[in-house]
Amino acid sequence: MSAAASYARRATLLAGFVFLYAPIVILTVMSFNASRLVSVWGGFSTKWYVALLDNEQLLHSAKISLAAALVSATIATLLGLLAAVALARFGGFRTRLLFFGAVHAPLVLPEVVLGLALLTCFVALGVGRGFVTLVIGHVTLTMCFTTVALLAALRDCDPTLEEAAMDLGATPPEAFLRVALPQIAPAIVTAFLLAFTLSLDDLVIASFATGPGATTLPMRIYSQVRLGVSPQINAISTLLLALVAVALGLAAAVSYWRAGRNFRGMKTLARSPDKAS
Amino acid sequence: MSRRRRLSLGQRLVIAAPYLWIAAFFLAPMLLVAKISVSQSVLARPPYRPIFQFSDSLAELWAKAQDFTLDSYRALVNDTLYVESYLSSLTIAAIATLITLIVAYPFALAMARAPERLRPILIGLAVAPFWTSFLIRVYAWIALLKDEGLINNALMALGLISAPLQMYATPGAVVVGIVYSYLPFMLLPIYAALERQDASLREAAADLGASPAQVFLRVTLPLSREGVIAGSLLVFIPAVGEFVIPDLLGGSETLMIGRTLWNDFFSNHDWPAASAAAIALVALLMVPLLLWERARLKEEGAR
């Protein structure tokens, strides 16, 4: 490749990453700004973080959001796993098309529509809204994402391995649990994390599905943000960003380590083909 | 294997839980919304007159069927607020999708042509913001776009403008927000399409005398078509129904259907109107999806 093309490529990458990361970096820097104003640097300060500790409402909402994310991501991963198994391994059963469509529909459905549908349903059933309805809403929203992630993983793993296990006397559930499940374990973790972050982040479904006792963190942030930029919101945003950054860093390190191990394993196999066979 | 068969008992147990969940919390609520959309609006709680109930006898059903009304849909067409919201949603989403494409394509191309060992790191960095809070990423733009925000301050400090530009609370701000938030959705499919391309095709074109521009226009671009279409749909469809971005970055006169629907529901308590708008929105979004599916099937058939 020519030198000019190489420079153009680097400049494009630089511009792209600046666009992606500049707003996040600026937000993080502002959270340490002693001044209330966006445009004035009043010196380095952690006072907005200290103020967070006294904000009972915000802390309570953070707890609710974390609990809802934990519970709903667990349920959504389990249901997604069952749905993915049905779609990947059961062949063409009678109502497959309806099932397939209904599982995938929330992916393209605007959140406002799904939220509205859930709320009308809760009201029609006469269910009081609160933590339980919030979890139901989040499971319904995130289950399609976990199904898609797990379905892709199940399709990638070779069904003949399970068939071999069954030929050797394993029942289908045994074959699945001991052959397929270990293979898709990383995808299960990814699916759970995806559902967890989606639930933690969701504003729209939560606003429809939850009740007065269970206001989530995004709902609190949203009601503050509508009034303008607030230093405390900058601080809590930075904490959330840091949390995700640490989680992503760990995930990257683990996948790097796994890849390195597999690579070494393959090299050993390649070096001694007679022993491997 | 027969195409349609009965499931064994064990298989039915596996499928029962996700199936029941979807039926109870997705299919049934959607039918309920469709039902409310043809009900009459009343001042009560819930604010609509129920049409059908399981306990109804046939005669009652017939009597109630007289109550069935398309008023909400008629209002939808006649209400300029709704018509303008739909049109403005489609326009803003289309412009934003086009700009996202223009931003994402060179970015994806630069990543796909980077040295192979760097590619996983680059793509990881490009997708990482997607894992952080959407709400926070949109919020971050308020500080940049406001009248006394960082962009205006920087431009004034450089002497390029004398008075702050009104950027915050405009349709333009909404477009910027959509481009920023949905960039990974456009980036990934285009990158995947470009990365799969065989470099020898480009070399062959160059050997046969094509200029770099011709190679791009006649080899690279046509071969990445699928990625461009998939990415555009992944941006356009959620952008049309978007609520958070127009609400935080748009002005009060920036109408988008997600926002109008939300207000009708929470502020005006007009459930039949909001339900009719929701059903119409779903129908509207089905059009590009079905066209895409048809084009895909046709392409597969041609192969």
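Residues numbered from 1 in each chain as written. Chains lettered and ligands numbered in written order. Predicted model: local features only at pLDDT ≥ 70, side-chain atom pairs only at ≥ 80, totals over all residues.

## A few points about the overall build of chain A
Short version of the rule: Helix numbering and strand numbering both begin at the N terminus, where a helix is a DSSP run of H or I of at least 4 residues and a strand a DSSP run of E of at least 2. All radius of gyration figures rest on C-alpha atoms, and the globule criterion is 2.2 Å times the number of residues raised to 0.38.
What chain A contains, in helices and strands, is twelve helices and zero strands. Moving toward the C terminus, one meets the helices and strands of chain A in the order α-α-α-α-α-α-α-α-α-α-α-α. In terms of overall dimensions, chain A is more spread out than a globule: its C-alpha atoms have a radius of gyration of 24 Å, far above the 19 Å expected for 277 residues. Once the C-alpha set of chain A is aligned to its principal axes, its extents read approximately 70 × 65 × 35 Å.

## Brief notes about the overall build of chain B
To keep it simple, the criterion reads: Think of it as a crowd count around each C-beta: if 20 or more other C-beta atoms lie within 10 Å the residue is buried, if 12 or fewer it is exposed, and in between it is partly exposed, with C-beta placed from the backbone throughout. By the convention adopted here, residues make contact when the C-beta atoms placed from their backbones lie within 7 Å.
The secondary structure content of chain B amounts to 14 helices and zero strands. The 303 residues of chain B split such that 40% are buried. Taking the contacts inside chain B whose residues are at least 6 apart along the sequence as the reference set, 69% of them involve residues at least 24 apart.

## Overview of the interface of chain A and chain B
For clarity, the threshold we go by: As a working rule, the residues Ala, Val, Leu, Ile, Met, Phe, Trp, Tyr, Cys and Pro are called nonpolar, Asp, Glu, Lys and Arg charged, and the rest polar, with Gly in that last group.
Taken together, the 59 residues of chain A in the interface contact 71 residues of chain B. Going through the elements one at a time, α1 (3–30), α3 (56–89), α4 (96–108), α5 (111–125), α6 (131–156), α8 (172–201), α10 (217–225) and α11 (231–271) of chain A are the ones with two or more residues in the side of chain A that touches chain B. In terms of residue count, the dominant contributor to the side of chain A that touches chain B is α1 of chain A (eleven residues). Residues of the side of chain A that touches chain B, tallied by class, amount to 46 nonpolar, nine polar and four charged.

## Considering the environment of P106 of chain A
As for its placement among the helices and strands, P106 of chain A is situated in helix α4. Taking C-alpha positions, P106 of chain A is 38 Å from A51 of chain A, a pair spaced 55 residues apart along the chain. If sequence neighbours within four positions are ignored, P106 of chain A has contacts with L114, T140, L141 and C144 of chain A together with F26 of chain B.

## Structural notes on the environment of C121 of chain A
Mapped onto the fold, C121 of chain A is located in helix α5. Considered as a pair, C121 of chain A and A209 of chain A are 88 residues apart in the sequence and their alpha carbons are 9.9 Å apart. If near-sequence neighbours (up to four positions away) are discounted, C121 of chain A is found in contact with A28, P29 and L32 of chain B.

## Section: the nonpolar core
One broad rule of soluble globular proteins: the nonpolar side chains tend to lie buried together. Applied cut-off: Joining buried Ala, Val, Leu, Ile, Met, Phe, Trp, Tyr and Cys residues through C-beta atoms within 7 Å gives a set, and that set is a nonpolar core.
Formed by 153 residues in total, the largest nonpolar core has its most connected members in L116 and L150 of chain A together with A108 and L187 of chain B. When residues in this core are grouped by element, the largest group, 16 residues, is from helix α8 (residues 171–196) of chain B.

## Examining unusual backbone geometry
Residues and elements named next belong to chain B. The phi dihedral of A169 is positive, around 65°, even though this residue is not glycine. Tracing the sequence through the fold places A169 in the loop between α7 (150–157) and α8. On the neighbour-count criterion, A169 (19 C-beta atoms within 10 Å) is partly exposed.

## Section: helix α6 (residues 134–145) of chain B
All names here are of chain B. The criterion, for reference: Expected helix span is taken as 1.5 Å per residue step, with the number of steps being one fewer than the number of residues.
When the terminal C-alpha atoms of α6 are compared, their 17 Å separation across twelve residues agrees well with the 16 Å that a helix rising 1.5 Å per residue should span. In terms of burial, α6 is a largely internal element, eleven of the twelve residues being buried. Listed in full, the buried residues belonging to α6 are L135, I136, R137, V138, Y139, A140, W141, I142, A143, L144 and L145.

## What to know about the confidence of the model for chain A
What counts, and what does not: Confidence of the predictor in every single residue is expressed as pLDDT, which spans 0 to 100.
Overall, the prediction assigns chain A a mean pLDDT of 85, with 92% of residues at 70 or greater. Below pLDDT 50 for its whole length, residues 268–277 of chain A participates in one contact with residues either more than four positions away or in separate chains.

## Focus on the packing of helix α5 (residues 119–131) of chain B against α8 of chain B
Residue and element names in this part refer to chain B. Heads up, the rule is: Helix axes are fitted only over the stretch in contact, all axes being lines through C-alpha atoms; the angle between N-to-C directions runs from 0 to 180 degrees. Angles are sorted into four bins: roughly parallel if under 35 degrees, roughly antiparallel if over 145, roughly perpendicular if 65 to 115, and oblique for all others. A clockwise turn of the near helix away from the far one marks a right-handed crossing, whereas an anticlockwise turn of less than a right angle marks a left-handed crossing.
Two numbers describe how α5 lies on α8: the axes approach to 10 Å, and their chain directions differ by 150°. Overall, the two elements α5 and α8 adopt an arrangement that is roughly antiparallel. By crossing handedness, the relation of α5 to α8 is classed as left-handed. For the pair α5 and α8, contact is made by I123, A126, V127 and F130 and by P184, L187 and Y191, respectively. Looking at side-chain class alone, the contact of α5 with α8 contains seven nonpolar, no polar and no charged residues.

## Remarks on the environment of Y191 of chain B
Residue and element names in this part refer to chain B. Position of Y191 relative to the elements: it lies in helix α8. Between the C-alpha atom of Y191 and that of R202, which follows or precedes it by eleven residues, the distance is 17 Å. Apart from residues lying up to four places away in sequence, Y191 is in contact with A108, M111, A112 and I123.

## A look at the confidence of the model for chain B
Looking at chain B as a whole, its pLDDT mean stands at 83, while 88% of the residues score no less than 70. Across the assembled chains, the prediction reports ipTM 0.82 with pTM 0.84.

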